[in-house]
Each structure stands twice: as C-alpha cells, then as structure tokens.
Amino acid sequence: LSPVCLGSLRRAARSHLTLCGVSFFIVWTLSMLYITSVGKFIDIVTPAVLRGVTINGDLVGDTYKYFTFDDSMNDTIWANVFFMFWVLNFIIYFLYLTIAGAVADWYFTKRDADGNKIRGNEPTELVKAPLTAALCRTARYHLGTIAFASLIIAAIQTLRAFIAYMEKTMGEKKTKLQKILFKILHCCLWCAEKCMDKISRNALIFTAIYGHALCPAAFSSFKLIWRNLARTAAISMVSGFIGMLGKLCIVLFTCAICVLLLSEATDVNFIFTPIVVIFFISYMVAALFMNLLGIVVDVVFLCFLVDEEANKDKGEMYADEGLRTIVQSNEAASKKIAARSKANRTQVAPVEV
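In this text, all values refer to a predicted model and were calculated from it rather than measured experimentally. (Residues numbered from 1 in each chain as written. Predicted model: local features only at pLDDT ≥ 70, side-chain atom pairs only at ≥ 80, totals over all residues. Heavy atoms only, no water.)

> It is not clear to me how a nonpolar patch on the surface should be interpreted in this structure. Could you clarify?
A cluster of nonpolar residues, Val238, Phe241, Ile242, Met244, Leu245, Leu248, Leu252 and Leu293, forms a patch on the protein surface that exposes about 760 Å² of accessible area. Among the elements that make up the nonpolar patch, the one with the highest residue count is helix H9 (residues 229-264) (seven residues). Checked against the element boundaries, Val238 lands in helix H9. (Patch = residues over 30% accessible without salt bridge, like charges linked within 9 Å, V, L, I, M, F, W, Y side chains within 5 Å. Areas by Shrake-Rupley, 256 points an atom, 1.4 Å probe, with all protein chains shown as cover. Salt bridge = Lys/Arg side-chain N within 4 Å of Asp/Glu carboxyl O. Helix = DSSP H or I, 4+ residues; strand = E, 2+ residues; numbered from the N terminus.)

This is the structure in structure tokens:
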C-alpha cells in the first residue's frame, strides 16, 4: 500500500494543493486508525490452575478481559483506501482543469495591434481574472468529469495497493512462478495507471477548450495527438528536459548561495544540517514551479493543435509566429506517421446478405 500512497501524495504535492491534500491525508489516517482499532472487551473465564494465583503482585481473578476487533468495521478498510485515492486524484484533476481553463482562455484570445491580449468580457477577450473565472467554471460545470476521471485512476491504484498487500501477506512462501506473476501484475497496472493518467489529462484539456464530457474528450484528444505524434514526442522530450534542468539549477543555485552566506556567519558551527533542510525546501519549490510549467506547456501545445486544425486554412490562427515555428518543425514527420498508420489499418469489406 505504501508505494501507491506515496505516489499519490507526490502527485498531490506537485499539484499546488499541498495543504488540501496533506490535510485530507491526515484526516484519512486518523479515520483509518479508528476503523482498525474499533472493537470491544469480552470476559473470558480464567483457567482453574491460574485462579487465585498472584503474578507480579496482581491476583488473577475468575475472569479476564480480551479485546476483539469489529469485523464489520474492518471490512470497510479497502473502501476507505479507495476513497482516499479518489479524493486525492480529484484534488489533482480539479486544479489541473482549472489551470488548463485559464491557459486555454489566454490562448484563444485575440491580440491587439501591439500584440497584447485584448482584455474584456466578450467571448474573444480575456477577462481580468482568468484563473478565478476558470475556477468558477470548473466548479460549476465540470465536477462530474473530474470525478469520473479520478474514479478510474483511483480504481487502478486501489487494485495496485491490494495486490501489493497480498504479496506482502504471503511473505517468503511464494514460489518463483508466483513472484513472476506479481511482478507482471505490478508492471501492467503501473503502465495502465500512467496511460490512463495521461489520457485523462489530455481529455481534461479538451474539456477546458470545448466543455466536452470525459469520454468524448478522451477520444478526440487521443486522435488529435495520434495525428501529430512526432511533434508530441518532440515537445514532451524538450519539456521534460527543461523541467529536469530547471529543478537542478534552482536547487544548486539555492544551495550554493546558502553555503556562501552560512560560511560567512560566525555563529554557525555546523552548516550541514541547514544546507540539507534548504536543499529539500528548494527542491519542493522547484518541483512545484516546474510542474506548473509542464502543465502550461501541455495545454498550450494541445491548444495549438486544435487551433491549427480549425483555423490554419482560414489564416486566422491565434498562435504567434514564434510558437508556430517551434511546433511546426516536426509537422512533416507527424503527417508521415499518421499516413503510415492509416495505410496499415485492416480494411474489412462489408458482408453481403
């Protein structure tokens, strides 16, 4: 259970809703402790050989107390685990859709003669508080979509946790075949979780753009990305490298500055401990900001693909020249991959009756 829980907590921490996620996890932990400790004491008759015997100054009576756990409460443990995963993923996807909505609003806004986004209350203008508007729109219209997306991920994570629990309870009694089967299950479920998480995130971006439900948005976003596979791979590699480089630079520069400042301090005898604390804090801050950058890159890229297919032939694309140059560098390769995939499909002739 612990690796899956830690993975969900790391995702919740990177989602900029750390306080909500951690607060919920604390409350959930207390509820889990309550569920696993509910029971009652029953009176058990003391064996005749022990009655009236004094042990360590205590007289053994005719009965003694024995604590029994409540089986009906213990049966709700896995339901509570599933609820925990569901809520944490709901928090993650709620923020993701909110950010995607704000970025999509910014992208699909007309520019003035100076190249700045036009502010106002019209449909083609950017409101004064786009993040607040996206938050209200998400809370009003898309909670069901978020709940469905988080439900799928929570089901997979609960299944992963249950299999990990089964593997741990079996201990060292497992045969080699059982160990191999457990490894295969872990690998398949891990891949399923990652794939569904990526599909859900792309679907939420489509929901932010068009307002579609989860399933239509998932199919549409998947087909759009498949038609632009080479560009998607290139953008993913570049954004991943920039995110890793950004975290590394932020952590190293922060620690280097702190070492210089602490080395000049005369009242500090041992700088290793504060440097370690600063390292972890700087890494958390860097992870939060670089994860936000990654979300923005994904949303802008998908908005560009939607914009290109809808407005390129009309000559009315919202993207500026710099963004077009970056994204369109792999357009030819994407078209070749899409054409090759279409040519390799199995054609089924209609059956004549």
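> Is there a simple way to explain the environment of Trp106 in this structure?
By the secondary structure assignment, Trp106 is in helix H4 (residues 77-107). Taking the relative accessible area as the measure of exposure, Trp106 reaches 38% and is therefore partly exposed. Between the C-alpha atoms of Trp106 and Val127, which are 21 residues apart in sequence, the distance is 8.9 Å. Those residues in contact with Trp106 that sit more than four places away from it in its chain are Arg111, Lys117, Leu126 and Val300. (Buried < 20%, exposed > 50% of the residue type's maximum accessible area, 1.4 Å probe, protein only. Contact = heavy atoms within 4.5 Å.)

> Help me understand the confidence of the model for the protein chain in this model?
Note: predicted coordinates in regions of low pLDDT should not be interpreted at a detailed level. The predicted model of the protein chain has a mean per-residue pLDDT of 80, with 85% of residues at 70 or higher. Within the model, pLDDT remains below 50 along residues 12-16, and this stretch shows 16 contacts once partners closer than five positions in the same chain are excluded. This model gives residues 346-353 a pLDDT under 50, and the stretch forms zero contacts once residues within four places in sequence are excluded. (pLDDT = per-residue confidence, 0-100.)

> Explanation requested: the pairing of strand E1 (residues 39-45) in the structure shown.
Regular strands place side chains that alternate from one sheet face to the opposite one. A small share of E1 lies buried, amounting to zero of its seven residues. Two strands pair when backbone bridges link them, and E1 and strand E4 (residues 63-69) are joined in this way by seven bridges, in the antiparallel orientation. Its bridge partner lying in E4, Val45 is registered against Thr63. (Pairing = 2+ DSSP bridges.)

> It is not clear to me how the environment of Tyr64 should be interpreted in this structure. Could you clarify?
Considering the arrangement of structural elements, one finds Tyr64 in strand E4. Counting along the chain gives 19 residues from Tyr64 to Val45, while the straight-line C-alpha distance between them is 6.6 Å. In contact with Tyr64, not counting residues within four places along its chain, are Ile42, Asp43, Ile44, Val45 and Thr46.

> What is the right way to look at helix H8 (residues 214-227) in this model?
For the α-helix, the turn length of 3.6 residues means that residues three or four positions removed from each other point alike. Counted at 1.5 Å a residue, the expected span for H8 with its 14 residues is 20 Å, and the 20 Å between its end C-alpha atoms agrees. Buried within H8 we find Leu214, Ala217, Ala218, Ser221, Leu224 and Ile225. Buried residues in H8, looked at end-on, bunch into an arc of 140 degrees, giving them a common side. For H8, the elements touching its buried residues are helix H6 (143-170), helix H7 (176-210), H9 and helix H10 (272-311). (Expected span 1.5 Å × (residues − 1). Arc of directions from axis to C-beta.)

> Help me understand the pattern of salt bridges, please; the structure alone is not making it clear to me.
Once their charged atoms are close, side chains differing in charge can pair, the charge on each being opposite to the other. Applying the stated criterion to the full structure yields seven salt bridges. A salt bridge links Asp298 to Lys198; the nearest nitrogen and oxygen atoms lie 3.9 Å apart. A residue pair is termed long-range when its members are at least 10 positions apart, and Asp298 in helix H10 and Lys198 in helix H7 qualify at 100 residues. The exposure class of Asp298 is partly exposed, given its relative accessible area of 23%. The exposure class assigned to Lys198 is partly exposed, which follows from its relative accessible area of 39%. Among the ionic pairs, Arg227 bridges to Glu309, the shortest N-O distance being 2.9 Å. Pair noted here: Arg227 is in helix H8 and Glu309 is in helix H10, with a separation of 82 residues, a long-range link. Given the relative accessible area of 36%, Arg227 is considered partly exposed. Each of Arg231, Glu308 and Lys312 takes part in salt bridges that share partners, so that together they form one network.

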